[in-house]
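In case you want the letters, here they are:
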Amino acid sequence: MKVAVIGCGTIANAAHIPSYMKNPEAEIKYFCDIIPERAQAAVEKYGCGTAVVDYHDVLADPEVEAVSVCTPNNVHPTITMDALRAGKNVLCEKPAARTYGEALEMQKVQHETGKVLNIGVVNRFNDGVNRIKEYIDQGKLGNIHHVYVSFRAHRSIPGLGGAFTTKAIAGGGALIDWGVHYLDIVMYCCGDPKVKTVTGETFCKLGKDMENYVYTDMWAGPPQYDGTYDVDDSVTGMVRTSGPVITINGAWAQNIGEEDRYIDFMGDKGGIRLQYGADFTVYTTENNALVSYTPKFQTRDMFQNEIDGFINCIKTGEKLPSHIDTVIVTAQMMQAIYDSAEQHREIVLE
């Protein structure tokens, strides 16, 4: 299957391209990037494909069946919808879009065209996450009444003044960049419950005075002090669903020197703490005693699972858990948190 990668930056090189290269049923025909040198570097590094600057050149090729959209968030909707209308199947990186409204437009075009539109919520292809979902589905935790989400870092603002910290490009900060993964894991493991009410607050504090922002290192850097910083560097909120209540505390940057990145699933029979990107521990009772254990198992690369699933579902018609119809609820939830923060009131969705 001929595929194209649109946007040849960090996530493309770290995940999408290597995974396509390892899939025997896929062949990358185009590397596309608005920076010509970046596209050409991919051709030279991976020894295949053609470098192009304009994504319309990719969409005009009838041989291309599938594309990965790995661009900044602001052009996710346009490129994705153009690709769907050109008859291509799409894997669009997370978040689907900057706003819930944009995500709904993408879903509408998917329904009109009937082509595949999956979103890069890659944790749905994580072996550990899927084991947690099995524990919950099997009733081992009982009724899940509360899920606590923490994605907090000391001072970890990416690319200060660049695309990550410019709302017009990214749509938001810590919530839309990191929180999307955590919230999506919760929704997936808990059976994608219906969101009822949302309340939240976001804070744009530590990075606002860019030149006096102190840090030890900066991913997606270096700083661009003549750039923009108008996104959330921390967020807190509560979401009521038809299933559990979800509470979140997240921060790219906080004045506490601790890194807390975990999800607590709390049921009336047991609980699970997932260390994000690592293992999980089960807490329960047996024979009138408190018990905890950390399952050990082989794990596969979740990005490889995601790409393999994408290629396979195009051939089989299978609807994956990452389909826009399923994961759009995460976009709705994040939008409601931002709306609540802006209006300083609870948002009712049901």
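Residues numbered from 1 in each chain as written. Predicted model: local features only at pLDDT ≥ 70, side-chain atom pairs only at ≥ 80, totals over all residues. Heavy atoms only, no water.

Examining unusual backbone geometry
- Put simply, Lys-94 and Pro-95 share a cis peptide bond, and its omega is -15°.
- Looking at where Pro-95 falls in the secondary structure, it is placed in the loop between strand S5 (89-93) and helix H5 (100-113).
- Note the cis peptide between Gly-221 and Pro-222, where omega equals 0°.
- Here Pro-222 lies in the loop between strand S8 (195-203) and strand S9 (234-241).
- Look at Asn-288: it is not a glycine, yet its phi comes out positive at around 60°.
- Position of Asn-288 relative to the elements: it lies in the loop between strand S13 (280-286) and strand S14 (289-293).
- What makes Asn-288 exposed here is its relative accessible area of 87%.
- Residue His-344 is not a glycine yet carries a positive backbone phi of 55°.
- Along the chain, His-344 falls in the loop between helix H10 (324-343) and strand S15 (347-348). (Helix = DSSP H or I, 4+ residues; strand = E, 2+ residues; numbered from the N terminus. Buried < 20%, exposed > 50% of the residue type's maximum accessible area, 1.4 Å probe, protein only.)

Comments concerning a nonpolar patch on the surface
- Taken together, the side chains of Ile-34, Ile-35 and Val-53 present a nonpolar region at the surface, about 290 Å² in accessible area.
- Of the residues examined, Ile-34 reaches a relative accessible area of 73% and is grouped as exposed. (Patch = residues over 30% accessible without salt bridge, like charges linked within 9 Å, V, L, I, M, F, W, Y side chains within 5 Å. Areas by Shrake-Rupley, 256 points an atom, 1.4 Å probe, with all protein chains shown as cover. Salt bridge = Lys/Arg side-chain N within 4 Å of Asp/Glu carboxyl O.)

Quick look at the sheet that holds strand S11 (residues 260-267)
- Taken together, the nine strands give an open sheet; going across it, the order is S14-S13-S12-S11-S7-S10-S9-S8-S15, and neighbouring strands pair in mixed fashion. Of all the strands in the sheet, the pair left with one neighbour each is S14 and S15.
- Pairing analysis gives four bridges linking strand S12 (residues 271-275) to S13, with the strands arranged antiparallel. When the sheet's bridge partners are listed, Arg-273 is paired in S13 with Thr-281.
- The strands touched by helix H6 (residues 127-137) are strand S7 (144-152), S11, S12, S13 and S14; relative to S13, the strand with the most contacts, the crossing angle is about 25°. (Pairing = 2+ DSSP bridges. Contact = heavy atoms within 4.5 Å. Axes fitted to C-alpha atoms, helices over the stretch in contact; angles between N-to-C directions.)

Quick notes on the side chain of Gln-254
- Looking at the secondary structure, you find Gln-254 in the loop between strand S10 (245-251) and S11.
- Assessed through its relative accessible area of 11%, Gln-254 is described here as buried.
- At a separation of 3.0 Å, a polar atom in the side chain of Gln-254 contacts the side chain of Arg-152. (Polar contact = N/O pair within 3.5 Å; in protein donor to acceptor, adjacent residues only side chain to side chain.)

Focus: empty space enclosed by the protein
- Scanning the entire structure with this criterion turns up two cavities of 30 Å³ or more.
- Among the secondary structure elements, those contributing two or more residues to the lining of the largest cavity are helix H8 (174-189) and H10.
- In terms of residue class, the lining of the largest cavity is made up of 13 nonpolar, three polar and three charged.
- Taken as a whole, the second largest cavity holds about 40 Å³ of empty space.
- Surrounding the second largest cavity, Asn-123, Asn-126, Gly-128, Val-129, Ile-185, Leu-274, Tyr-276, Gly-277 and Ala-278 form its lining. (1 Å grid on protein atoms, 1.4 Å probe; cavity = no way out; pocket = protein on both sides within 12 Å on 5 of 7 lines; lining within 4 Å. Points joined across faces, edges and corners; volume = space filled by probe spheres on them. Nonpolar A, V, L, I, M, F, W, Y, C, P; charged D, E, K, R; others polar.)

Considering the sheet that holds strand S4 (residues 64-69)
- The six strands are arranged S3-S2-S1-S4-S5-S6 in an open sheet whose pairing can be described as parallel. Each of the sheet's edge strands pairs with one partner strand only, and the pair in question is strand S3 (50-52) and strand S6 (117-120). Taken pair by pair, the neighbouring strands of this sheet meet at an average axis angle of 20°, ignoring direction.
- In terms of strand pairing, S5 meets S6 through four bridges, oriented parallel. Within the sheet, the bridge partner assigned to Cys-92 lies in S6 and is Ile-119.
- Of the strands in this sheet, strand S1 (2-6), S4, S5 and S6 are in contact with helix H4 (residues 76-85), which crosses S5 at around 170°.

By themselves these figures say nothing about function.
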